[in-house]
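# Geometric and topological summary
Chain residues, written in single-letter form:
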Amino acid sequence: MRITVSVAMSIDGYIADTSADRLRLSSAEDFADMYRARAEHDAILIGAGTVRRDNPSLLLEKPSPQPARVTLTRSGRLAPDSRFFTGKARTIVLAPAATARALEDMLAGKADIVVLASEEPGAIVHALHGLGIASLFIEGGTRVLTAFLSAGLFHELRLAVAPFFVGDAAAPRIVGPAPFFHDKNRRLELFETRAYGDTAVQRYRNPSIGDICERLGLA
């Protein structure tokens, strides 16, 4: 499975603030390029916290085909009337067995509920591969980004940097503390830097993805 991690952050590494309104980090030009990248993948993955906080539909402007929308939840706290469950796109919810049973009733007809054996990135990829998904676009939030980035389980990182600071310790950051595979001794490869309006977009290639997939039994 080809995996792209795409995230927009402030200069000081925040992906949102603590206000009730969604923080706009990307320029219009960056949004357009990000939507193009979304369209090149079979599915888009976000965490349930992002579904609750941002209420995104993840639908592309073009009528079809739409990438599948995927979220994962421990608690099952997902509102059936959220925009994530609207529109004509396949919608998948990954959850542990106990939570999945309740979601089957709550989201009947709105999403495919898939039991997740583990929250490890390898288990998520394995479950989605079993559903016929061959490429995955990961957008957040912090817990999902930390899991995949720390494991090194991605082919490309697309990092958009907005030209301002947030400076709020209570706001979510791009990642939390973790033992990251790509440390100072195993660096990613920067292969493109572009300005999209006032947003700087850096694209990194993961030279170790083959070894990582083989170690996780995903080769």
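So, here is what we can say about the structure in this document. (Residues numbered from 1 in each chain as written. Predicted model: local features only at pLDDT ≥ 70, side-chain atom pairs only at ≥ 80, totals over all residues. Heavy atoms only, no water.)

## Some points on the overall build of the protein chain
Tallying secondary structure elements over the protein chain gives six helices and nine strands in all. Principal-axis analysis of the C-alpha atoms places the extent of the protein chain at approximately 45 × 40 × 35 Å. In the protein chain, of all internal contacts separated by at least 6 residues, the share reaching a separation of at least 24 is 69%. Summing over all exposed atoms, the protein chain offers an accessible surface of approximately 10800 Å²; the carbon and sulfur share of this is 52%. Within the protein chain, one finds 26 positive and 25 negative side-chain charges whose respective centroids are separated by 2 Å. (Helix = DSSP H or I, 4+ residues; strand = E, 2+ residues; numbered from the N terminus. Contact = heavy atoms within 4.5 Å. Areas by Shrake-Rupley, 256 points an atom, 1.4 Å probe, with all protein chains shown as cover. Lys, Arg positive; Asp, Glu negative; His and termini not counted. Charge placed at Lys NZ, Arg CZ, Asp CG, Glu CD.)

## Quick word on the side chain of D30
Position of D30 among the secondary structure elements: in helix α1 (residues 28-39). Overall, the relative accessible area of 1% leaves D30 in the buried class. Those residues in contact with D30 that lie beyond four places of it in its chain are R158, A160, Y196, T199 and V201. (Buried < 20%, exposed > 50% of the residue type's maximum accessible area, 1.4 Å probe, protein only.)

## Structural notes on the pairing of strand β1 (residues 2-9)
For β1, the buried fraction is high: seven of the eight residues fall into the buried class. In terms of strand pairing, β1 meets strand β6 (residues 135-140) through four bridges, oriented parallel. Bridged to T4 within β6 is F137. Examined bridge by bridge, β1 and strand β7 (residues 156-161) share six bridges and lie parallel to one another. (Pairing = 2+ DSSP bridges.)

## Here we look at the sheet that holds β6
With mixed pairing, nine strands are arranged side by side in an open sheet as β5-β4-β3-β2-β6-β1-β7-β9-β8. Edge strands, defined here as strands with exactly one partner in the open sheet, are β5 (112-115) and β8 (189-196). Going from strand to strand, the sheet's axes swing by 20° on average, the running direction of each strand aside. Pairing geometry for β7 and strand β9 (residues 199-205), over six bridges, is antiparallel. (Axes fitted to C-alpha atoms, helices over the stretch in contact; angles between N-to-C directions.)

## Examining the side chain of T50
The topology assignment puts T50 in helix α2 (residues 48-54). A residue is classified by how much of its surface remains accessible, and T50, at 9% relative accessible area, is buried. For T50, the residues in contact, after removing those within four places along its chain, are N55, P56, G140 and G141.

## So, helix α5 (residues 142-151)
Along α5, the residues that are buried comprise V144, L145, T146, F148, L149 and S150. On its buried face, α5 is in contact with β1, β2 (43-47), β3 (68-72), α4 (121-130), β6 and β7. Immediately downstream of α5, the backbone of G152 shows phi near 75°, a positive value.

## A look at the packing of aromatic side chains
Following the criterion strictly, the structure yields two aromatic pairs and no others. Taken together, a centroid distance of 6.3 Å and an interplanar angle of 25° make the contact between F31 and Y35 stacked. Here F31 and its partner Y35 are both found in helix α1, four residues apart, which amounts to about one turn of the helix. When its relative accessible area of 34% is taken as the criterion, Y35 is described as partly exposed. Between the aromatic rings of F84 and F85, the centroid separation amounts to 5.3 Å while the plane-to-plane angle is 90°, which identifies the pairing as edge-to-face. Overall, F84 belongs to the buried group, its relative accessible area being 0%. Since its relative accessible area comes to 7%, F85 is described here as buried. One cation-aromatic arrangement involves R205 over F191; the distance from NZ or CZ to the ring centre is 4.3 Å. (Phe/Tyr/Trp six-rings, centres within 6.5 Å; stacked < 30°, edge-to-face > 60°. Lys NZ or Arg CZ within 6 Å of the ring centre and 35° of its normal.)

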